[in-house]
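# Chains, contacts and geometry: an overview
This is what each chain is made of:
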Amino acid sequence: MGGSCHMLVEEFEEIAAFAEREIETVGLEFVEGRIGARKATNGNHGTVVAWPLREWMSVRPGLGLYPGAGLKVGPQRTGRVVPDGALAPIGHFSGQGDWAEPDGVLMTVEVTSHDSDTYHRDRVEKPLAYATANIPAYLLIDRVNTTVTLHSDPHPEIGYRTIRREPFGAKLSLPDPVGIELDTERLKQYVD
């Protein structure tokens, strides 16, 4: 089939809501006009997502890391993504429904999975989607390459202008508005 299919955001939202009700192990996202599926995660993936939450709670108790919070992204907010974590003030997502506006989200966090689409989704599509939504930072925890990559200084047309990549075990300073330092040594034990 040589053509392309265009889907409205509203159509995607209906499909995603159905999938959430009927197929509990798969979540759907909509980026750059393309539907992507997120598989259920394994224990190490979930543990890595919880790791920064523990780090932030002691230093910035007014912030929460919200796993599975749906965000409207892209320049016209026509994309729909579900980051592994969205760092925002406590209570930020109250009353926003399935797909929240990104305003007020300080950082998104993704942890790579072992599926065929993770390279393109986590390393190409999502950084651009988060930057065009003006989310100040994006943290990619890459279990395949054993690195953490911090994307910051978003530009709505070109993406994040500053990208810093460090190996697991390094200390990584997250700029304001996050404003904390992460010691990534513990991540070494969650590679699978």
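For the structure itself, consult the block above.
All of the points below concern the structure found in this document.

## Here's the deal with the pattern of salt bridges
Summed over the entire model, instances satisfying the criterion amount to nine salt bridges. Two residues, aspartate 142 and arginine 123, come together in a salt bridge whose shortest N-O distance is 2.5 Å. Residue aspartate 142 is found in strand E9 (residues 137-142), and its partner arginine 123 is found in helix H3 (residues 118-132); the two are separated by 19 residues along the sequence. Overall, the relative accessible area of 2% leaves aspartate 142 in the buried class. Ionic pairing is found between aspartate 153 and arginine 161, a salt bridge with its closest N-O pair at 3.0 Å. Note on aspartate 153: relative accessible area 38%, which makes it partly exposed. Three or more residues are tied together by salt bridges with common partners; here these are Lys72, Arg77, Glu101 and Asp103.

## Some thoughts on the nonpolar core
Within the largest apolar cluster, 23 residues are counted, with the highest numbers of intra-cluster contacts made by Trp56, Leu87, Met107, Leu139, Ile141, Leu174 and Val178. Elements supplying a minimum of two residues to this core: helix H2 (43-59), strand E3 (63-66), strand E8 (107-111), E9, strand E10 (147-155), strand E12 (171-174) and strand E13 (180-183). Aside from chain neighbours lying at most four places away, what touches valine 178 is Trp56, Arg60, Leu87, Leu106 and Met107.

## Regarding the pairing of strand E6 (residues 85-89)
When you tally the buried positions in E6, you get four out of five residues, the bulk of the element. When E3 meets E6, the two strands line up antiparallel, connected through four bridges. When the sheet's bridge partners are listed, leucine 65 is paired in E6 with leucine 87. Examined bridge by bridge, E6 and E8 share three bridges and lie antiparallel to one another. Along E8, the bridge assignment pairs alanine 86 with threonine 108.

Definitions and limits used
Residues numbered from 1 in each chain as written. Predicted model: local features only at pLDDT ≥ 70, side-chain atom pairs only at ≥ 80, totals over all residues. Heavy atoms only, no water. Salt bridge = Lys/Arg side-chain N within 4 Å of Asp/Glu carboxyl O. Helix = DSSP H or I, 4+ residues; strand = E, 2+ residues; numbered from the N terminus. Buried < 20%, exposed > 50% of the residue type's maximum accessible area, 1.4 Å probe, protein only. Core = buried A, V, L, I, M, F, W, Y, C linked by side-chain atoms within 4.5 Å. Contact = heavy atoms within 4.5 Å. Pairing = 2+ DSSP bridges.

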